[in-house]
Amino acid sequence: QLQKTTSMHDFYASSSVTPPPADVEPGVAPANVTANPLPLVAVSTMPPEAEAPNEESNGTTSDESTNRPRQRILEFHPSKIIKNDIGDKNFSILIDEARYCSVEEQMAVTVRFLDDHGELQERFLAIKHITDCTSAGIKEALVDVLDYHGLQISRLCGQGYDGASNMRGEFNGLQKLVRDEAPYAFYVHYFAHQLQLVVVNVAQCSPAIADFFNYIPLIVTQVRSSCKRKDALLAKHQDELLDLMENGKISSGTWLDQESSITRPGDTRWGSHLRTLLRIFTMWNAVVDVLGIVVVDAREHTCQGGASGLLIKMECFEFVFIMFFSINLLSTTNYLSQALQRKNQNVVEAMHLILDVKESLQDMRDNGWESLFSQAKNFCEAHDIDVPNMDDLVGAMGQSVRTKNKVTRLHYYKVTIFNVAIDATITEMNHRFNEVSTELLDCISCLNPANNFSKFNADKLIRLAEIYAEDFT
């Protein structure tokens, strides 16, 4: 029996199978135990330092053969691994809170640090359930997570959160409470999240643009709400591609003109809106045909009316114009969004990218109207969509035609939509990305080694030494 027990210990220690609890029969899983993809890591829920040695009833420790598998398991405990990786180095934290599907508020904590080779490393620490969403409650939960992994809050050198008031509050926010104990843990709002807020604000800056983005999910839902409609959409798009290839208008090849479908844009991922708009533009004829089929074949008048209204909305110049404008605008910000989410993004490079996007937006405002209007006009003419007379009078800001405040259609499209949206984007970027002009990032830029430290500035270096007084001796 002793030999059998020792063999089982060796088996569980050398394999990826979690040993069952002692009070559970073999082959029967307890009701409160769930499968774990990392069983060796999950064997112990306490840090290695907190666990007492396994002692027998007579006061003596168990034999070496029984303790060896246990020691081998504890070597892979995540707390010990993370603590050994960080050592006595400084580190920064990234925190995001969200509501789980079980309607529980949870906080995800990630730590970043430089390893012994100077490479940026990122480790996921924990998902912590929080009952108090105030800044004090979140800080208490953060301290618990750091203590569990043997990390000291005094070694924090940076904080990254979203822009919620309980996180970024200047006097009572989480970042202020953390800086009371770690003065050099400077707070930085996620750059990618700030860009997300910029795009969201642009989508609401004009009633016409806000109305346009409200219709996009409805169109996607109508054309792919059933397998029959989705198959019809793909079949019509495939027939169109074959016809264009036979006429020599497009070429075939690897990754060219692949069969694709339309996906519903996400509420929190505005990069998905660009992808959806590009798919609608590419599959325009197929989308219109499927909506026409729904109008004819729908048994319920509600479905028929919805598809008919969407079809009328799509086949108008205003919808096409805003579609092209949104694609151009989101394409300009999408590259910046992807670059800001890179793990090894250089701060100086990010600052230059933001400035480049601002210059591109200003150039679009000054010189992009004619090309945009030509794109929308040519598309409408190719798809038998009426182009209105730009000299006709319409209600200002999308108001009723009976209003006394009227403007020409040219003024409505160029000023009320085009200029207003771009101006709102530039203004929001200047407001949201004011951190790029702060003293800290400006001083750090002088340490950029590019072009033989061409950006080096002794005054900025001295000021940086004053900010991080303990790190400069």
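As annotated in an unreviewed UniProt entry, the protein chain is DUF4371 domain-containing protein from Aegilops tauschii subsp. strangulata.

Student: Quick question: what am I supposed to make of the side chain of S206 here?
Tutor: Relative to the assigned elements, S206 resides in the loop between helix 8 (191-203) and helix 9 (207-224). The exposure class of S206 is buried, given its relative accessible area of 2%. Beyond its immediate stretch of four places on either side in the chain, S206 contacts T416 and I417.

Student: What is the right way to look at the packing of helix 5 (residues 135-148) against helix 7 (residues 174-181) in this model?
Tutor: Packing of helix 5 against helix 7 leaves a shortest axis separation of 8 Å and a crossing angle of 50°. When the axes of helix 5 and helix 7 are compared, the pair comes out oblique. Considering how the two elements wind past one another, helix 5 and helix 7 form a crossing that is right-handed. For the pair formed by helix 5 and helix 7, the contact residues are S135, A136, I138, K139 and L142 on the first element and L174, L177, V178 and E181 on the second. A breakdown of the residues in the contact of helix 5 with helix 7 according to their chemical character gives 6 nonpolar, 1 polar and 2 charged.

Student: When you look at the pattern of salt bridges in this model, what are you seeing that I'm missing?
Tutor: Opposite charge on two side chains makes pairing possible when the charged atoms of those side chains draw close. Under the criterion given, the structure shown has 8 salt bridges. For D180, the salt bridge identified is with K176, shortest N-O distance 2.8 Å. Residue D180 and its partner K176 are located together in helix 7, separated by 4 residues, close to a single helical turn. Residue K176 is classed as partly exposed on the basis of its relative accessible area of 29%.

Student: Would you explain the packing of helix 14 (residues 317-340) against helix 17 (residues 409-432) in this entry?
Tutor: The relative placement of two packed helices comes down to the angle between their axes together with the axis-to-axis distance. Two numbers describe how helix 14 lies on helix 17: the axes approach to 12 Å, and their chain directions differ by 20°. With respect to their mutual orientation, helix 14 and helix 17 come out roughly parallel. Seen along the crossing, helix 14 lies across helix 17 with a hand that is right-handed. Every residue of helix 17 that contacts helix 14 at F317, E318, F321, I322, F325, L329 and L336 is listed here: Y412, Y413, I417, F418, A421, I422, T425 and M429. The residue makeup of the contact of helix 14 with helix 17, split by class, is 13 nonpolar, 1 polar and 1 charged.

Student: Got a minute to help me understand the nonpolar core in this structure?
Tutor: One broad rule of soluble globular proteins: the nonpolar side chains tend to lie buried together. The biggest cluster of nonpolar side chains holds 74 residues, and the ones touching the most others in it are W284, V287, M314, F321 and F325. Considering each element in turn, this core owes the most residues, 14 residues, to helix 14. Other than its neighbours up to four places away in sequence, V287 contacts I219, V223, L233, I262 and M314. Counting 27 residues, the second-largest nonpolar core is a separate cluster that includes V111, F113, I130 and V145.

Criteria and cut-off values
- Residues numbered from 1 in each chain as written.
- Predicted model: local features only at pLDDT ≥ 70, side-chain atom pairs only at ≥ 80, totals over all residues.
- Heavy atoms only, no water.
- Helix = DSSP H or I, 4+ residues; strand = E, 2+ residues; numbered from the N terminus.
- Buried < 20%, exposed > 50% of the residue type's maximum accessible area, 1.4 Å probe, protein only.
- Contact = heavy atoms within 4.5 Å.
- Axes fitted to C-alpha atoms, helices over the stretch in contact; angles between N-to-C directions.
- Parallel < 35°, antiparallel > 145°, perpendicular 65-115°, else oblique.
- Left-handed = near helix turned anticlockwise from the far one by under 90°.
- Nonpolar A, V, L, I, M, F, W, Y, C, P; charged D, E, K, R; others polar.
- Salt bridge = Lys/Arg side-chain N within 4 Å of Asp/Glu carboxyl O.
- Core = buried A, V, L, I, M, F, W, Y, C linked by side-chain atoms within 4.5 Å.

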